[in-house]
Number of protein chains: 2
Amino acid sequence: MTHDKKLKIIPLGGLGEIGLNMMVVEYDGSLIVIDSGLMFPEDYMLGVDFVIPKMDYIKERKSDVAGIILTHAHEDHIGALPYLLREVDAPVFGTPFTLGVVRHKLEEHDLLSSASLNEISPGHKLNIGEFELEFIHVSHSVVDGVGIAIRTPLGLIVHTGDFKITHTNIDGMMTDVNKFAQCGEKGVLALLSDSTNVEKEGYTISDREIGETLRRIISKTTGRVIVALFASNIGRIQQIIDVAKDKGSKVIINGRSIEVTVSIAKQLGYLHIPEDMEIGIDQVSDFPDDMVVIITTGSQGEPMSALARMASGIHKQVKIREGDTVILSSKFIPGHEKAIAKIINNLYRRGADVIYEKISEIHVSGHAFQEELKMMIHLTKPRYFIPIHGEFRHLILHARLAEQIGIPKSRILRAEDGQIIEFDEAGGRIQDSIETGRVLIDGKGIGDVGRDILKERRALSEDGFVAVTLAFDEETGIVVYGPEIISKGFVFETQTGHLLEDAICVVLEIVEDVEPDVPDRIEKIRARMQADLRRYFNFTIKRRPVILPFILEV
Amino acid sequence: MTHDKKLKIIPLGGLGEIGLNMMVVEYDGSLIVIDSGLMFPEDYMLGVDFVIPKMDYIKERKSDVAGIILTHAHEDHIGALPYLLREVDAPVFGTPFTLGVVRHKLEEHDLLSSASLNEISPGHKLNIGEFELEFIHVSHSVVDGVGIAIRTPLGLIVHTGDFKITHTNIDGMMTDVNKFAQCGEKGVLALLSDSTNVEKEGYTISDREIGETLRRIISKTTGRVIVALFASNIGRIQQIIDVAKDKGSKVIINGRSIEVTVSIAKQLGYLHIPEDMEIGIDQVSDFPDDMVVIITTGSQGEPMSALARMASGIHKQVKIREGDTVILSSKFIPGHEKAIAKIINNLYRRGADVIYEKISEIHVSGHAFQEELKMMIHLTKPRYFIPIHGEFRHLILHARLAEQIGIPKSRILRAEDGQIIEFDEAGGRIQDSIETGRVLIDGKGIGDVGRDILKERRALSEDGFVAVTLAFDEETGIVVYGPEIISKGFVFETQTGHLLEDAICVVLEIVEDVEPDVPDRIEKIRARMQADLRRYFNFTIKRRPVILPFILEV
């Protein structure tokens, strides 16, 4: 069967959005899944907790799944794993830190005991299904990230994962450029490379530089220092601990998620905190101010985070005061700026000095900039180039970048979620597609919130509702209750005069208009109420509440 | 009365937020208002159209208001004027373009005929109340902006308005640094200066540079060019027209708001479009692609804008296609990034090339960067410095900047909205405060939407509602209708199995539990429904819909 002898690469997510990363690689009936990530909801997805990729394609082929490979421990690469493992019973492969975080996540979902978690490490080879996989260490904003060299019967596929390349990284965290170059020497059929930062010219600045800036700031402060960052950014946490150590400070790790990641990283030896240096949050007042460094989360303005509680004065142990220095060592992620700004303003208001990316270089992205992206292409010298991990514009710009440095347009396969990238002896192409999509997670509900529900939530969020209760005697057709009007989210009733009282008159007029013996009387009244009240409120107050007629025959 | 001989400066808005700019300057019972701006709603202000300052202080003193001075035509400086003029009958002063835009706005509010609009111009003096005002031309992202030199019996107050200083501005649009310097020579009691961009180091790049970049891009394209920008950015519009003219292109102005501002600017001679160069949107297909330049709005991703309609393929006359170049010549305003990204992705998807701030320098801010802010202080050599126009952190940073360049801390008056900055012979200080606040505008409602309504909208937006209708016979206490359950924004009913059916059982159990002859039976049932259904839904699906019991006795 020649058909089966094709190599297929099928993105289920991440090629058309930031996040939701999930990809199938398939040959001769054997299938591996690379990453299983979530995405945070778009603005219009009211009430939604997060989004996962539609996994039908994998579910339908579940007995063919040889393994699930996780490139690193970020939510946009592992967050959908619990949902995948509910459907597919396949071994999971990841580096020690990635599996540490996954273990914690699966425990919360009560799935840990049934999961098969298998440790991989860069340099070792793994044979699953029709593939031989080798993992390549990459530098990213989380430790233990890997790219993957996938040896297939049709050639070598290189998947970068999320990566950057800089040459002055902290020890042991550098991208293994030699290994990528070795792949290039052997011959790479296709390179799949991270497009997230393709809009950025030049190189990412090095983590060492960030470290030096942090050292300058922290060592000169005489008050307490509070650093907020992503819980998974173990490399940055180590840098801060090193500075604190040299200053002779104690360090406090505060916040639920960071306590988990720090504990995993310590156990695995990725993070070193001298024995007596770490103290608990309850001991914050036992040491002089210049000996206190608190490392916490909440750098995106998350309202329940430790930092947000400090900023609004409700953190139990830490009351922000003059002399405190707060450092937000992370990017302002689009959509979070207002929440972050609010926290910064509140911290200033309480007397703290605040240092953030807009006023100091205290953060560097974990994703390669243009020059690094070019270097990855030069290292691997791929026959085909496939931009991954990005919105449509990032994929376009990355394709353009590849073309600029010599990859012929015909060998750039700019696929989107659901498109099948197919390779055979004759070459590669985008051919056909499968159904993909986004599944919204809201509470325990998986996918039950869709377009209609979101539309209803949107309408309710904008102008609330007006409910009219009205009961008729079933036999006589006479009103025996109401009309009674209540509203929520619509108007503050004492301030709008006769608005709702007048609406009752509108309803009474309708009741009078529709004769008792007319067929479908209730339906007719209901429809008229919708139309007339909508018009009435639009005219009087220019709002469009949801109209809810509760009409009973008793 | 020595008390009356004090000069008071009272910010009602804009000192604690971006937008909402409004300030009272008062001496001896005479009062002027500087600007009357709106603010766009915060994320949590669901359904709110915009926000205006609470104006009670002015309303209570309405007979003392000698005039309302508008520094420029942006919404955050003029948007609340219709609401102020409903309360206060005072003359309005502004430059020709500002008044042009105001006239249009007042017409929409049916207030034009009753308003007294008075033209001012830089260089001319205006005596109102106890003040002599002189207007100083400033460069900003709208034409005809002014700062104000306010001669008061206690000294000269300089208010910058929104400004930047660069030396290669387009003709006639430069900040009149000489005039500010003259003020400095005469002696300035207090400088009130725009803090918006205090986080930015260095100088704004010049409009001329932007113009050259736009020229490079537009002149080399062989397809249609579509430039999206703010409707009020007349200077930028002129630059684009000049480039289009040299290229031999026709120009189309498309979009409701930009058509208004362009028409005002043309009438006033601020914008020059050669006679036969401007064509209508209906003629877009009558010319070769390289002769078409469309200037439009929607650069913030506004969903109903011309650009958004082009991006989603529903613009009547302009179907985006390969060869088109779309230029977003404006900042990505925080909170709008996702909407803008969506439009960029869609434009790329339709084949257009898209150029935006992240990949090319095609926009410059209208607000001074740090070096320009320092220059303003050096020019005016004020005795007191008052940072205005910014969130709390901007005011703090601007105060710090002033201190760095030599203003003593004791003479930096870092006030917030509502605080009274008072000057007398002995000097200046922050003394007392008045009540200020934000009034939410939703449709025709002014201030009737407050914390409670927003909380209801938030709750409804997250998980919708579940309504239970139930009727009892008044005498027998027997259920004569229901329980009937409907929901909106909660779950997609066919996908959640027996969730709502089981909820009916929960209700029936409650009815059984509460004896018919118990006092306040209905109230008890209602309260139980709230509690039990909430618990039931939280347990089964982990959502918290608003529970709406409609319980009737008939």
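Reading the values: rules and limits
- Residues numbered from 1 in each chain as written.
- Chains lettered and ligands numbered in written order.
- Predicted model: local features only at pLDDT ≥ 70, side-chain atom pairs only at ≥ 80, totals over all residues.
- Heavy atoms only, no water.
- UniProt positions renumbered as here; feature names shortened; annotations may be inferred.
- Helix = DSSP H or I, 4+ residues; strand = E, 2+ residues; numbered from the N terminus.
- Expected span 1.5 Å × (residues − 1).
- Buried < 20%, exposed > 50% of the residue type's maximum accessible area, 1.4 Å probe, protein only.
- Contact = heavy atoms within 4.5 Å.
- Phe/Tyr/Trp six-rings, centres within 6.5 Å; stacked < 30°, edge-to-face > 60°.
- Lys NZ or Arg CZ within 6 Å of the ring centre and 35° of its normal.
- Least-squares fit on C-alpha atoms with pLDDT ≥ 70 in both.
- Domains from an automatic or database assignment.
- Buried area = accessible area lost by both parts, 1.4 Å probe.
- Salt bridge = Lys/Arg side-chain N within 4 Å of Asp/Glu carboxyl O.
- Polar contact = N/O pair within 3.5 Å; in protein donor to acceptor, adjacent residues only side chain to side chain.
- Nonpolar A, V, L, I, M, F, W, Y, C, P; charged D, E, K, R; others polar.
- Pairing = 2+ DSSP bridges.
- Axes fitted to C-alpha atoms, helices over the stretch in contact; angles between N-to-C directions.

Under an unreviewed UniProt entry, the name given to chain A is Ribonuclease J, and the organism recorded is Desulfonema magnum. Looking at chain A in UniProt, the text filed under Subcellular location (unreviewed entry) is "Cytoplasm". The record held by UniProt for chain A lists under Function (unreviewed entry) the comment "An RNase that has 5'-3' exonuclease and possibly endonuclease activity. Involved in maturation of rRNA and in some organisms also mRNA maturation and/or decay."

Student: I'm lost on helix H4 (residues 96–108) of chain A in this one. Help?
Tutor: Given 3.6 residues to a turn, an α-helix orients residues that are three or four positions apart in the same direction. All names here are of chain A. Taking 1.5 Å of rise per residue, 13 residues should cover 18 Å, and H4 covers 19 Å from first to last C-alpha, within 8% of that figure. Within the sequence span of H4, burial applies to Pro-96, Phe-97, Thr-98, Leu-99, Gly-100, Val-101, Val-102, Lys-105 and Leu-106. If you follow the buried residues of H4, they end up packed against helix H2 (75–78), helix H3 (81–87), strand E7 (92–94), strand E8 (117–119), helix H7 (234–247) and helix H8 (256–267). In the stretch just after H4, Asp-110 is the one whose phi turns positive, near 60 degrees.

Student: Sorry if this is basic, but what is going on with the packing of aromatic side chains here?
Tutor: Ring pairs (aromatic) are described by centroid distance and by the angle formed between their planes. Using the criterion set out here, one finds 14 aromatic pairs over all chains in the structure. On the numbers, 5.5 Å between centres and 50 degrees between planes, the contact of A:Phe465 with B:Phe465 is tilted. In this pair, A:Phe465 sits in strand E25 (residues 465–472) while B:Phe465 sits in strand E23 (residues 465–472), so the two residues belong to two different chains. Accessibility classification places A:Phe465 together with B:Phe465 in one group, the buried group. Through a chain of ring-to-ring contacts, three or more aromatic side chains come together here, namely A:Phe490, A:Tyr536 and A:Phe537. Sitting above the plane of the B:Phe392 ring, A:Arg349 keeps its charged end 4.2 Å from the centroid.

Student: Before we go on, may I ask you to explain the relation of the copies chain B and chain A in this structure?
Tutor: In this structure, two copies of a chain are linked by a rotation about an axis accompanied by a shift along it. Aligned on chain A, chain B shows an RMSD of 0.1 Å; the corresponding rotation is 180 degrees and the shift along the axis is 0.1 Å. This pairing of chains is accounted for by a two-fold axis. Within chain B, B:Ser461 has its C-alpha nearest the rotation axis, a separation of 2.3 Å. Here 100% of the contact residues of chain B are again contact residues in chain A; the copies associate through an equivalent surface.

Student: What should I look at first to understand the domain arrangement of chain A in this one?
Tutor: Accessible area lost on assembly of the parts is the figure often given for the size of an interface. Residue and element names in this part refer to chain A. Under the domain assignment used here, chain A contains domain 1 (3–202 + 365–446), domain 2 (207–355) and domain 3 (464–553). Computed over C-alpha atoms only, the centres of domain 1 and domain 2 are separated by 32 Å. Across the boundary between the two partners, domain 1 contributes 16 residues, which contact 14 residues of domain 2. The junction of domain 1 with domain 2 conceals about 1,400 Å² of combined surface from both sides, 60% of it contributed by carbon and sulfur atoms. Scanning the region where domain 1 abuts domain 2 turns up two salt bridges. Here Glu-108 and Arg-256 are joined by a salt bridge, their closest N and O atoms 3.7 Å apart. Counting across the domain 1 and domain 2 interface gives three residue pairs in polar contact (both at pLDDT 80 or more). The residue makeup of the side of domain 1 that touches domain 2, split by class, is six nonpolar, six polar and four charged.

Student: Would you take a moment to explain the environment of A:Pro41 for this structure?
Tutor: Checked against the element boundaries, A:Pro41 lands in the loop between strand E4 (30–34) and strand E5 (50–53). Sequence separation of A:Pro41 and A:Val51 is 10 residues, and the distance between their C-alpha atoms is 6.1 Å.

Student: Mind showing me how you'd approach the sheet that holds strand E22 (residues 427–433) of chain A here?
Tutor: Each strand in a sheet pairs with another by means of backbone hydrogen bonds, the pair being arranged parallel or else antiparallel. Residues and elements named next belong to chain A. Pairing within the open sheet is mixed, and its eight strands lie in the order E8-E7-E6-E4-E3-E1-E21-E22. The open sheet terminates on both sides in strands that have one partner only, identified here as E8 and E22. Averaged over all adjacent pairs, the angle separating strand axes in this sheet is 25 degrees, with direction ignored. Here strand E21 (residues 419–424) pairs with E22 via five bridges, running antiparallel. The residue of E22 that forms the bridge with Gln-419 is Ser-433. Together, E7 and E8 form the strand contacts of H4, whose direction differs from that of E8 by roughly 165 degrees.

Student: Looking at this structure, how should I read the interface of chain B and chain A?
Tutor: Contact residues are listed per partner, giving 68 residues for chain B and 68 residues for chain A. Approximately 6,000 Å² of surface area, both sides summed, lies buried where chain B meets chain A, with 57% of it carried by carbon and sulfur atoms. The interface formed by chain B and chain A includes 10 salt bridges. For B:Asp463, the salt bridge identified is with A:Arg457, shortest N-O distance 3.7 Å. Scanning the region where chain B abuts chain A turns up 25 residue pairs in polar contact (both at pLDDT 80 or more).

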